[in-house]
Amino acid sequence: MSNLFSSGQLGRIKVNNRIIMAPMTRSRADAAGNPTPMMLDYYRQRASAGLIIAEGTYPSENGKGYCRTPGIVNQQQIDAWGEITAAVRAEGGKMVLQIMHCGRCSHADNKSTTAETVAPSAIGAEGEVFTEAGMKPFSAPRALHSDEIPQVIEEYRQATHNAYAAGFDGVELHATSGYLPAQFMSPGSNQRSDHYGGSLENRLRFVVETLQAMASVDGADRVGIRICPGFPFNDVKDPDPKETFEGLLSAIDPMQLAYLHLMRASPLDVYAMVQEFFSGPFIINGGYNRISGDKAIAERGAAAVSFATLYIANPDLVKRLHDDLPMAEPDQATLYTNTTDGYSEYTNYSG
Ligand SMILES: Cc1cc2nc3c(=O)[nH]c(=O)nc-3n(C[C@H](O)[C@H](O)[C@H](O)COP(=O)(O)O)c2cc1C
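On a predicted model such as this, the values are computed, not experimentally measured, just so you know.

Conventions and cut-offs
- Residues numbered from 1 in each chain as written.
- Predicted model: local features only at pLDDT ≥ 70, side-chain atom pairs only at ≥ 80, totals over all residues.
- Heavy atoms only, no water.
- Core = buried A, V, L, I, M, F, W, Y, C linked by side-chain atoms within 4.5 Å.
- Buried < 20%, exposed > 50% of the residue type's maximum accessible area, 1.4 Å probe, protein only.
- Contact = heavy atoms within 4.5 Å.
- Disulfide = S-S within 2.5 Å.
- Helix = DSSP H or I, 4+ residues; strand = E, 2+ residues; numbered from the N terminus.
- Pairing = 2+ DSSP bridges.
- Near = heavy atom within 4 Å.
- Polar contact = N/O pair within 3.5 Å; in protein donor to acceptor, adjacent residues only side chain to side chain.
- Areas by Shrake-Rupley, 256 points an atom, 1.4 Å probe, with all protein chains shown as cover.
- Nonpolar A, V, L, I, M, F, W, Y, C, P; charged D, E, K, R; others polar.

(A) Representation of the nonpolar core. Grouped together as the largest cluster of nonpolar side chains are 84 residues, with contacts concentrated most on Tyr43, Trp81, Ile225, Ile252 and Ile284. Other than its neighbours up to four places away in sequence, Tyr43 contacts Met21, Ile52, Ala54, Glu55, Trp81, Ile84, Val88 and Met95. Core analysis: the next-biggest nonpolar cluster, separate from the first, contains twelve residues, Ile20, Leu51, Tyr259 and Ile283 among them.

(B) Structural detail: the state of the cysteines. Summed over the entire model, instances satisfying the criterion amount to zero disulfides. Unpaired in this structure, Cys67 has its nearest cysteine sulfur neighbour in Cys102, at a distance of 11 Å. You can call Cys67 buried: its relative accessible area is 6%. Unpaired in terms of disulfides, Cys228 finds its nearest cysteine sulfur in Cys105, a separation of 14 Å. Residue Cys228 is classed as buried on the basis of its relative accessible area, which comes to 3%.

(C) Quick peek at the pairing of strand β11 (residues 223–227). With five of its five residues buried, β11 lies for the most part within the structure. Of the two faces of β11, the one carrying Val223, Ile225 and Ile227 and the one carrying Gly224 and Arg226 are both buried. Judged from the four bridges that link them, strand β10 (residues 170–174) and β11 form a sheet pairing that is parallel. Looking at the pairing, Val171 lines up with Val223 of β11. When β11 meets strand β12 (residues 259–263), the two strands line up parallel, connected through four bridges. Each bridged residue has a counterpart across the sheet, and for Arg226 the counterpart in β12 is His261.

(D) Layout of the site of the ligand. In the region of the ligand, 16 residues are neighbours, and Thr25, Arg226, Asn285, Gly287 and Thr309 sit closest. With respect to the ligand, the side chain of Gln98 contributes an N or O atom lying 2.8 Å from a nitrogen atom. Between the ligand and Gly287, the relevant distance is 2.7 Å, taken from an oxygen atom to a main-chain nitrogen or oxygen of the residue. Protein contacts shield 81% of the accessible area of the ligand, which totals 610 Å² for the unbound molecule. Tallied by class, the residues present in the shell around the ligand amount to seven nonpolar, eight polar and one charged.

Here's what the structure looks like:
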């Protein structure tokens, strides 16, 4: 019977074990969005994961929301990511890049002076975002014109192309946590009257067309999607998330994606939803440990389990889970600072 330590397959991506490093924004890129040497160390230290899903990375200057997050837009960024994927591959690891367009969850201070904050509708998100000058309210967005939407989808296609040029094994569409794809899916942030808003089919159109564009680069079996049905984070307002996400899963199931990455963070029974509406491999996430992770695979149909918080302070998580070793606790104060402290300085278990 399979467990966390069995090899497996996520679309075209073969994994040596089913322990996945979940994407985590850590704000260690430079001000121009270039991955840095400390990011190389950090990811290389975690290469024993079956698969690393690298942090949310912007596909265009408009898509950047937070300070010191990386991009996959220009050659310098592609080259810097390329060094990281090569280092991870040299250790026997695999890497997927999470493509994250923040849409309205952004602040103008965090992006280039020529970039704009765009969203499905001109409705600001309630909440604040970290900037170098402290917390500030989200910037007011401009509604995308109908004829601009294909260009935004093209940004995701180009980012996918760039990610493959940088040596990634696959890409993941970030479609949760209130970012641009979630903004299109949710009636609270999407009040468009064209064919990207209104009916359920219209609200899902942006996500479906974006996945198709990403799959057009080199097949759907290198493309995953991350969702969290019913997660209200970043001011997502959807009166019927069950209907929205059952509709989404039905729409994307025929595409035969590499995987569905499911975050559990709402009372909705995501296992039941997947069982009924999605036939491909799924990665489950949200508070798992060795016992519940094994169970998710053996009894609940998960292809793999992803771990975020545990990966912060335990670079050798696979070994610690396997040998039942104690886990180190992360320092919350250094989650998003810009030094190696609290980042690449956590060490393997040494007794
Ligand atoms: C510091 C930090 C940064 C995160 N950044 C991202 C991100 O960039 N993209 C994303 O999809 N989720 C992000 N998450 C959510 C995690 O991937 C994960 O879903 C969540 O922490 C629950 O998993 P866990 O219980 O294993 O920690 C982040 C979480 C943390 C703690």
